[in-house]
Amino acid sequence: MSGDWSPTGDGTAAARGTAGYAEAAEALAIQYEAVTFDDVHYNVLQLLPAEPGRILDVGAGTGRDAAALVARGHHVVAAEPTAELRAHGQRIHAHCGIDWVDEALPDLTLSHQTGQFDAVFATAVWMHLNAEERCHAMARIAALLVPGGRFFVNLRHGPVPDGRLMFDVSAAETVELGRMYGLRTVHRSDSPDLQGRGRVRWSNLVLQTNCANGAPD
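Residues numbered from 1 in each chain as written. Predicted model: local features only at pLDDT ≥ 70, side-chain atom pairs only at ≥ 80, totals over all residues. Heavy atoms only, no water.

Student: It is not clear to me how the pairing of strand β4 (residues 117-123) should be interpreted in this structure. Could you clarify?
Tutor: When a strand is regular, its side chains alternate between the sheet's two faces. With six of seven residues buried, β4 lies mostly within the body of the structure. Both strand β1 (residues 54-58) and β4 contribute to a ladder of four bridges, which runs parallel. Considered in β4, the bridge of Ile 55 is made with Ala 119. Strand direction decides the pairing type here: β4 and strand β5 (residues 145-157), joined by six bridges, are parallel. (Buried < 20%, exposed > 50% of the residue type's maximum accessible area, 1.4 Å probe, protein only. Helix = DSSP H or I, 4+ residues; strand = E, 2+ residues; numbered from the N terminus. Pairing = 2+ DSSP bridges.)

So this is what it looks like as structure tokens:
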């Protein structure tokens, strides 16, 4: 992704961010489904909505996380722009009731969806956006969250796989960017790579909007 990106609405930025995923979709489907939602998000499970709510999973891949959230009673919109991954997800989790959409950050128009979400997940997605796109995306996510809603984001650090386009995005930068758009940090931690890649590590953040009517959160 180049620094001269502008939100043209033609899908160009999204296409750059998903480079390499269509070709590797079959192998990636196996890789994604080899670990569980609980394994990936073990340190933030206590911050999930306590009651059944509406959740948006951005860059949903094969729907592993979306399916687990549906099993917890939530209504989940899974946004996945790579058709090959989306097809695997619709096959693997065919009877879960996931609402699949062909959408991507930073625009995330959700033209056929209305209303806000109790939580938004972006697992291994944020590092595909350049600085300008991250600003645009954070503003969009903040607008999509209900008062008190939470943004769950996992940041990948380490060598970039061949054929992919990623940026080294720090947790500190993401926390500050969230603050600029009214999101405060309620969780920050680091974790090793579950695939055993020694040079890859992860930052786990949960950012939260203010509660309604100025009530303490």
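Student: Help me understand the nonpolar core in this model?
Tutor: Within the largest apolar cluster, 30 residues are counted, with the highest numbers of intra-cluster contacts made by Leu 56, Leu 105, Leu 108, Val 120, Trp 126 and Phe 151. Going through the elements one at a time, β1, β2 (75-79), β4, α6 (131-144), β5, α7 (171-180) and β7 (201-208) are the ones with two or more residues in this core. The leading source of residues in this core is α6, at five residues. If you look at the next biggest cluster of nonpolar residues, it comprises 19 residues, including Leu 47, Ala 60, Ala 66 and Ala 67. (Core = buried A, V, L, I, M, F, W, Y, C linked by side-chain atoms within 4.5 Å.)

Student: Got a minute to help me understand unusual backbone geometry in this structure?
Tutor: Only a minority of non-glycine residues have a phi that is not negative, and only a minority of peptide bonds are not trans. Cis geometry is found at the peptide bond from Leu 105 to Pro 106, where omega equals 10°. Inspection of the secondary structure assignment puts Pro 106 in the loop between β3 (99-101) and β4. A positive phi angle, close to 45°, is found at Leu 108, a residue other than glycine. Among the structural elements, Leu 108 can be located in the loop between β3 and β4. For Leu 110, which is not glycine, the phi torsion reads 45° and is therefore positive.

Student: Sorry, what's going on with the sheet that holds β3 here?
Tutor: Where strands meet in a sheet, backbone hydrogen bonds hold them as pairs that are either parallel or antiparallel. Taking strand neighbours across the sheet as the criterion, the seven strands line up as β3-β2-β1-β4-β5-β7-β6 in an open arrangement whose pairing is mixed. Edge positions in the sheet fall to β3 and β6 (184-192), since each of these pairs with one other strand and no more. The sheet shows a mean angle of 15° between the axes of neighbouring strands, taken without regard to direction. Running at roughly 15° to β7, α7 makes contact with β5, β6 and β7 of the sheet. (Axes fitted to C-alpha atoms, helices over the stretch in contact; angles between N-to-C directions. Contact = heavy atoms within 4.5 Å.)

Student: What am I meant to see in α7 here?
Tutor: For an α-helix, 3.6 residues make a turn, and residues three or four places apart therefore share a direction. Listed in full, the buried residues belonging to α7 are Ala 171, Thr 174, Val 175, Leu 177 and Gly 178. For α7, the arc enclosing every buried residue in end-on projection is 165°, short of the 170-degree limit, so these residues lie on one face. The exposed set on the far side of α7, more than 90 degrees from its buried face, consists of Arg 179 and Met 180. Each element contacted by the buried residues of α7 is listed here: α6, β5, β6 and β7. Just past α7, the residue Gly 182 takes up positive phi, approximately 85°. (Arc of directions from axis to C-beta.)

Student: Would you mind going over the pairing of β5 with me for this structure?
Tutor: Counting buried positions over the 13 residues of β5 gives 10, a clear majority of the element. Summarising the sheet, β5 and β7 pair through eight bridges and their orientation is antiparallel. Bridged to Leu 155 within β7 is Ser 203.

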